[in-house]
Amino acid sequence: MKFTKMQGLGNDYVYVNCFSEEVKDPSGLAKKISDRHFGVGADGLILICPSKKADFEMKMYNADGSRGEMCGNGIRCVAKYVYDYGLTDKTHISIETLAGIKYLDLTVEEKKVVLVKVDMGNPILEPAKIPVKAEGESVIDAPIIVNGAEYKMTCISMGNPHAVVFWDGVDDMEIEKIGPSFETHERFPNRVNTEFVEVLDRKTVKMRVWERGSGETLACGTGACAVAVACILNGRTEDMVCVKLLGGDLLIRWDREKNIVYMTGPAEVVFDGEWNE
Ligand SMILES: N[C@H](CCC[C@H](N)C(=O)O)C(=O)O
(Lines give C-alpha, C1' and ligand atoms only; values in the text may rest on other atoms or scores of the structure.)
Protein backbone atom coordinates (compact mmCIF):
# COMPACT_ATOMS: atom_id res chain seq x y z
CA MET A 1 0.00 0.00 0.00
CA LYS A 2 1.37 3.40 -1.02
CA PHE A 3 1.12 6.19 1.58
CA THR A 4 2.28 9.76 2.08
CA LYS A 5 3.46 11.05 5.45
CA MET A 6 2.38 14.66 5.97
CA GLN A 7 2.30 17.11 8.84
CA GLY A 8 0.55 20.29 9.82
CA LEU A 9 2.59 22.12 12.50
CA GLY A 10 4.06 18.78 13.54
CA ASN A 11 0.65 17.07 13.87
CA ASP A 12 1.61 14.21 11.63
CA TYR A 13 -0.52 11.59 9.92
CA VAL A 14 -0.17 8.81 7.38
CA TYR A 15 -2.29 9.65 4.33
CA VAL A 16 -3.65 7.02 1.94
CA ASN A 17 -5.11 7.89 -1.47
CA CYS A 18 -8.20 5.68 -1.57
CA PHE A 19 -8.85 6.55 -5.18
CA SER A 20 -6.09 4.00 -5.90
CA GLU A 21 -5.66 2.05 -2.64
CA GLU A 22 -8.15 -0.03 -0.60
CA VAL A 23 -7.97 -0.05 3.22
CA LYS A 24 -10.07 -2.91 4.64
CA ASP A 25 -9.54 -2.21 8.38
CA PRO A 26 -8.67 1.47 8.82
CA SER A 27 -8.97 1.35 12.60
CA GLY A 28 -6.59 -1.60 12.88
CA LEU A 29 -4.21 -0.06 10.33
CA ALA A 30 -4.23 3.25 12.23
CA LYS A 31 -3.05 1.51 15.40
CA LYS A 32 -0.28 -0.41 13.64
CA ILE A 33 0.98 2.29 11.28
CA SER A 34 0.95 5.05 13.93
CA ASP A 35 3.33 3.17 16.26
CA ARG A 36 6.53 5.22 16.38
CA HIS A 37 8.72 2.10 16.81
CA PHE A 38 6.99 -0.78 15.04
CA GLY A 39 5.13 1.25 12.42
CA VAL A 40 5.66 4.36 10.32
CA GLY A 41 5.03 6.63 13.32
CA ALA A 42 2.21 9.18 13.33
CA ASP A 43 -0.63 10.76 15.32
CA GLY A 44 -3.01 8.65 13.22
CA LEU A 45 -4.23 7.67 9.74
CA ILE A 46 -6.19 9.75 7.22
CA LEU A 47 -7.93 8.32 4.17
CA ILE A 48 -8.54 10.52 1.12
CA CYS A 49 -11.67 9.17 -0.57
CA PRO A 50 -14.16 9.94 -3.33
CA SER A 51 -17.36 11.68 -2.22
CA LYS A 52 -20.87 11.98 -3.65
CA LYS A 53 -21.46 15.24 -1.75
CA ALA A 54 -18.16 17.12 -2.09
CA ASP A 55 -14.95 17.09 -4.09
CA PHE A 56 -13.38 14.62 -1.67
CA GLU A 57 -14.05 12.84 1.64
CA MET A 58 -11.64 12.75 4.59
CA LYS A 59 -11.83 9.79 7.01
CA MET A 60 -9.64 10.35 10.07
CA TYR A 61 -8.46 7.81 12.67
CA ASN A 62 -6.51 8.55 15.84
CA ALA A 63 -3.44 6.54 16.85
CA ASP A 64 -5.62 4.31 19.09
CA GLY A 65 -7.80 3.43 16.10
CA SER A 66 -10.76 5.59 17.16
CA ARG A 67 -12.50 7.66 14.47
CA GLY A 68 -12.32 11.45 14.78
CA GLU A 69 -15.18 13.51 13.35
CA MET A 70 -12.83 16.23 12.09
CA CYS A 71 -9.12 17.09 11.98
CA GLY A 72 -8.04 20.65 11.31
CA ASN A 73 -4.36 20.03 10.61
CA GLY A 74 -5.31 16.91 8.70
CA ILE A 75 -7.78 18.59 6.37
CA ARG A 76 -5.19 21.20 5.37
CA CYS A 77 -2.83 18.36 4.44
CA VAL A 78 -5.61 16.60 2.48
CA ALA A 79 -6.07 19.84 0.50
CA LYS A 80 -2.33 20.01 -0.21
CA TYR A 81 -2.25 16.32 -1.23
CA VAL A 82 -5.14 16.51 -3.71
CA TYR A 83 -3.69 19.61 -5.40
CA ASP A 84 0.03 18.74 -5.36
CA TYR A 85 -0.59 15.11 -6.43
CA GLY A 86 -2.86 16.16 -9.28
CA LEU A 87 -6.30 14.99 -8.07
CA THR A 88 -7.60 18.53 -8.64
CA ASP A 89 -6.47 21.84 -10.12
CA LYS A 90 -9.03 23.86 -8.13
CA THR A 91 -7.86 26.26 -5.41
CA HIS A 92 -11.27 26.35 -3.73
CA ILE A 93 -12.35 22.83 -2.75
CA SER A 94 -14.90 21.04 -0.59
CA ILE A 95 -14.18 18.06 1.66
CA GLU A 96 -16.82 15.86 3.29
CA THR A 97 -16.18 14.91 6.92
CA LEU A 98 -18.23 13.46 9.78
CA ALA A 99 -18.49 17.08 10.95
CA GLY A 100 -20.09 18.15 7.67
CA ILE A 101 -18.69 19.51 4.41
CA LYS A 102 -15.75 21.89 4.85
CA TYR A 103 -14.69 24.53 2.32
CA LEU A 104 -11.04 25.35 1.82
CA ASP A 105 -9.04 28.02 -0.01
CA LEU A 106 -5.57 26.97 -1.20
CA THR A 107 -2.61 29.33 -1.60
CA VAL A 108 -0.31 27.99 -4.32
CA GLU A 109 3.31 28.96 -5.02
CA GLU A 110 5.29 27.29 -7.83
CA LYS A 111 2.48 24.73 -8.31
CA LYS A 112 2.54 23.62 -4.65
CA VAL A 113 0.10 24.44 -1.85
CA VAL A 114 1.88 26.48 0.82
CA LEU A 115 -1.04 27.71 2.95
CA VAL A 116 -4.66 26.65 3.47
CA LYS A 117 -7.61 28.61 4.88
CA VAL A 118 -10.43 26.41 6.20
CA ASP A 119 -14.05 27.37 6.90
CA MET A 120 -14.34 25.25 10.06
CA GLY A 121 -18.07 25.92 10.38
CA ASN A 122 -20.03 26.89 13.47
CA PRO A 123 -18.68 26.25 16.98
CA ILE A 124 -21.17 24.07 18.86
CA LEU A 125 -21.94 25.14 22.44
CA GLU A 126 -25.01 23.10 23.35
CA PRO A 127 -23.92 20.54 25.99
CA ALA A 128 -25.88 17.65 24.49
CA LYS A 129 -24.30 18.19 21.06
CA ILE A 130 -20.71 18.38 22.29
CA PRO A 131 -21.51 16.05 24.23
CA VAL A 132 -20.73 16.89 27.85
CA LYS A 133 -22.75 16.16 30.95
CA ALA A 134 -23.11 19.80 31.99
CA GLU A 135 -24.11 20.86 35.48
CA GLY A 136 -26.62 23.50 34.39
CA GLU A 137 -27.11 24.93 30.91
CA SER A 138 -23.81 26.69 30.34
CA VAL A 139 -20.53 24.99 29.51
CA ILE A 140 -18.63 28.26 29.77
CA ASP A 141 -16.36 28.38 32.81
CA ALA A 142 -17.98 25.16 34.06
CA PRO A 143 -16.46 23.42 37.10
CA ILE A 144 -15.03 19.90 36.84
CA ILE A 145 -13.19 17.76 39.39
CA VAL A 146 -10.15 15.98 37.91
CA ASN A 147 -7.67 13.96 39.99
CA GLY A 148 -9.27 15.44 43.13
CA ALA A 149 -8.79 19.09 42.11
CA GLU A 150 -11.37 21.54 40.74
CA TYR A 151 -10.82 23.17 37.35
CA LYS A 152 -12.96 25.50 35.24
CA MET A 153 -13.47 24.45 31.62
CA THR A 154 -15.19 25.83 28.55
CA CYS A 155 -16.56 23.04 26.37
CA ILE A 156 -16.94 23.48 22.63
CA SER A 157 -17.45 21.13 19.72
CA MET A 158 -15.89 21.76 16.31
CA GLY A 159 -17.56 18.58 15.18
CA ASN A 160 -15.30 16.84 17.70
CA PRO A 161 -15.41 17.50 21.44
CA HIS A 162 -13.05 19.90 23.25
CA ALA A 163 -12.60 21.02 26.83
CA VAL A 164 -10.61 24.27 27.15
CA VAL A 165 -8.90 25.03 30.48
CA PHE A 166 -7.18 28.37 31.18
CA TRP A 167 -3.76 27.67 32.64
CA ASP A 168 -0.84 29.81 33.85
CA GLY A 169 2.51 28.49 32.59
CA VAL A 170 1.61 25.84 30.00
CA ASP A 171 5.31 25.28 29.19
CA ASP A 172 5.98 23.69 32.57
CA MET A 173 2.76 21.73 33.07
CA GLU A 174 2.91 17.94 33.37
CA ILE A 175 0.23 17.37 30.75
CA GLU A 176 0.70 13.60 30.78
CA LYS A 177 -0.54 13.52 34.38
CA ILE A 178 -3.77 15.43 33.79
CA GLY A 179 -4.56 14.90 30.10
CA PRO A 180 -5.67 11.27 30.31
CA SER A 181 -7.93 12.02 33.31
CA PHE A 182 -9.76 14.69 31.30
CA GLU A 183 -9.85 12.50 28.18
CA THR A 184 -11.67 9.65 29.93
CA HIS A 185 -13.65 11.70 32.47
CA GLU A 186 -17.23 10.48 32.98
CA ARG A 187 -18.57 13.92 32.00
CA PHE A 188 -17.60 13.16 28.37
CA PRO A 189 -19.62 10.25 26.93
CA ASN A 190 -17.44 10.21 23.77
CA ARG A 191 -14.19 11.15 25.59
CA VAL A 192 -12.69 14.59 24.88
CA ASN A 193 -9.74 16.55 23.47
CA THR A 194 -8.39 18.86 26.19
CA GLU A 195 -6.60 22.15 25.55
CA PHE A 196 -4.68 24.08 28.21
CA VAL A 197 -4.34 27.74 27.24
CA GLU A 198 -2.29 30.69 28.52
CA VAL A 199 -3.43 34.12 27.32
CA LEU A 200 -0.39 36.23 26.35
CA ASP A 201 -2.29 39.31 25.17
CA ARG A 202 -5.63 40.14 23.52
CA LYS A 203 -4.46 38.78 20.18
CA THR A 204 -2.11 35.97 21.19
CA VAL A 205 -2.46 32.78 23.22
CA LYS A 206 -0.23 29.77 23.85
CA MET A 207 -1.69 26.27 24.18
CA ARG A 208 -0.86 22.64 24.68
CA VAL A 209 -3.24 19.80 23.89
CA TRP A 210 -3.94 16.27 25.06
CA GLU A 211 -5.79 14.74 22.13
CA ARG A 212 -8.48 12.10 22.38
CA GLY A 213 -6.97 8.91 21.02
CA SER A 214 -3.47 10.26 20.38
CA GLY A 215 -2.14 11.89 23.56
CA GLU A 216 -0.13 15.10 23.47
CA THR A 217 0.36 16.31 19.90
CA LEU A 218 2.44 19.23 18.67
CA ALA A 219 -0.67 20.90 17.29
CA CYS A 220 -4.43 20.45 17.05
CA GLY A 221 -6.36 22.47 14.49
CA THR A 222 -9.85 21.88 15.86
CA GLY A 223 -8.39 22.43 19.32
CA ALA A 224 -6.94 25.80 18.31
CA CYS A 225 -10.38 26.79 17.02
CA ALA A 226 -12.01 25.69 20.29
CA VAL A 227 -9.38 27.66 22.23
CA ALA A 228 -10.00 30.82 20.22
CA VAL A 229 -13.78 30.54 20.69
CA ALA A 230 -13.34 29.91 24.42
CA CYS A 231 -11.03 32.93 24.79
CA ILE A 232 -13.48 35.17 22.93
CA LEU A 233 -16.50 33.86 24.90
CA ASN A 234 -14.65 34.49 28.16
CA GLY A 235 -13.71 38.01 27.05
CA ARG A 236 -9.98 37.24 27.03
CA THR A 237 -9.11 38.05 23.38
CA GLU A 238 -10.27 39.78 20.21
CA ASP A 239 -12.14 37.83 17.50
CA MET A 240 -8.89 37.10 15.63
CA VAL A 241 -6.32 35.15 17.62
CA CYS A 242 -2.79 33.90 16.93
CA VAL A 243 -2.73 30.50 18.63
CA LYS A 244 0.84 29.43 19.45
CA LEU A 245 1.28 25.64 19.63
CA LEU A 246 4.37 23.53 20.25
CA GLY A 247 4.59 22.93 16.48
CA GLY A 248 3.95 26.50 15.35
CA ASP A 249 1.23 29.13 14.97
CA LEU A 250 -2.32 29.00 13.64
CA LEU A 251 -4.40 32.09 12.83
CA ILE A 252 -7.99 31.66 13.97
CA ARG A 253 -10.83 34.10 13.35
CA TRP A 254 -14.38 33.74 14.63
CA ASP A 255 -16.67 35.78 12.39
CA ARG A 256 -19.39 36.43 14.95
CA GLU A 257 -21.93 37.74 12.41
CA LYS A 258 -21.72 34.62 10.25
CA ASN A 259 -20.87 32.47 13.32
CA ILE A 260 -18.11 30.80 11.30
CA VAL A 261 -14.61 29.97 12.56
CA TYR A 262 -11.78 30.30 10.02
CA MET A 263 -8.41 28.57 10.47
CA THR A 264 -5.36 29.41 8.38
CA GLY A 265 -2.13 27.44 8.46
CA PRO A 266 0.50 25.43 6.57
CA ALA A 267 0.68 21.82 5.35
CA GLU A 268 3.80 19.85 4.43
CA VAL A 269 4.73 16.57 2.77
CA VAL A 270 7.38 14.63 4.72
CA PHE A 271 7.86 11.56 2.47
CA ASP A 272 6.15 9.00 0.25
CA GLY A 273 6.37 5.37 1.29
CA GLU A 274 5.15 1.81 0.85
CA TRP A 275 3.50 -0.26 3.64
CA ASN A 276 3.73 -4.00 3.07
CA GLU A 277 1.63 -5.81 5.64
N1 LIG B 1 -7.97 13.63 18.25
C2 LIG B 1 -9.08 14.33 17.59
C3 LIG B 1 -8.95 14.22 16.06
C4 LIG B 1 -7.75 14.98 15.54
C5 LIG B 1 -7.86 16.43 15.81
C6 LIG B 1 -6.59 17.23 15.64
N7 LIG B 1 -5.40 16.51 15.29
C8 LIG B 1 -6.82 18.39 14.71
O9 LIG B 1 -5.89 18.84 14.02
O10 LIG B 1 -7.97 18.92 14.71
C11 LIG B 1 -10.41 13.69 18.01
O12 LIG B 1 -10.43 12.49 18.32
O13 LIG B 1 -11.41 14.42 17.98
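Residues numbered from 1 in each chain as written. Predicted model: local features only at pLDDT ≥ 70, side-chain atom pairs only at ≥ 80, totals over all residues. Heavy atoms only, no water.

A. Highlighting unusual backbone geometry. Cis geometry is found at the peptide bond from Ile130 to Pro131, where omega equals -15°. Take Pro131: it is sitting in the loop between strand S8 (112-119) and strand S9 (142-146). Backbone geometry places Asn147, a non-glycine residue, at a positive phi of 55°. (Helix = DSSP H or I, 4+ residues; strand = E, 2+ residues; numbered from the N terminus.)

B. Looking closely at the confidence of the model for the chain. Confidence along the chain averages 97 in pLDDT terms, with 100% of residues attaining 70 or more. Both scores are available for the predicted complex, with the pTM at 0.98 and the ipTM at 0.96. (pLDDT = per-residue confidence, 0-100.)

C. Structural view of the environment of His37. In this structure, His37 sits in the loop between helix H1 (26-34) and strand S3 (44-49). Along the sequence, His37 and Leu200 sit 163 residues apart, while their C-alpha atoms lie 37 Å from each other.

D. Geometry of helix H4 (residues 221-233). A rise of 1.5 Å per residue sets the reference length of H4, with its 13 residues, at 18 Å; its end C-alpha atoms lie 18 Å apart and thus fit the reference within 8%. With respect to burial, H4 is a largely interior element, 12 of its 13 residues being buried. By the burial criterion, the buried members of H4 are Gly221, Thr222, Gly223, Ala224, Cys225, Ala226, Val227, Ala228, Val229, Ala230, Cys231 and Ile232. (Expected span 1.5 Å × (residues − 1). Buried < 20%, exposed > 50% of the residue type's maximum accessible area, 1.4 Å probe, protein only.)

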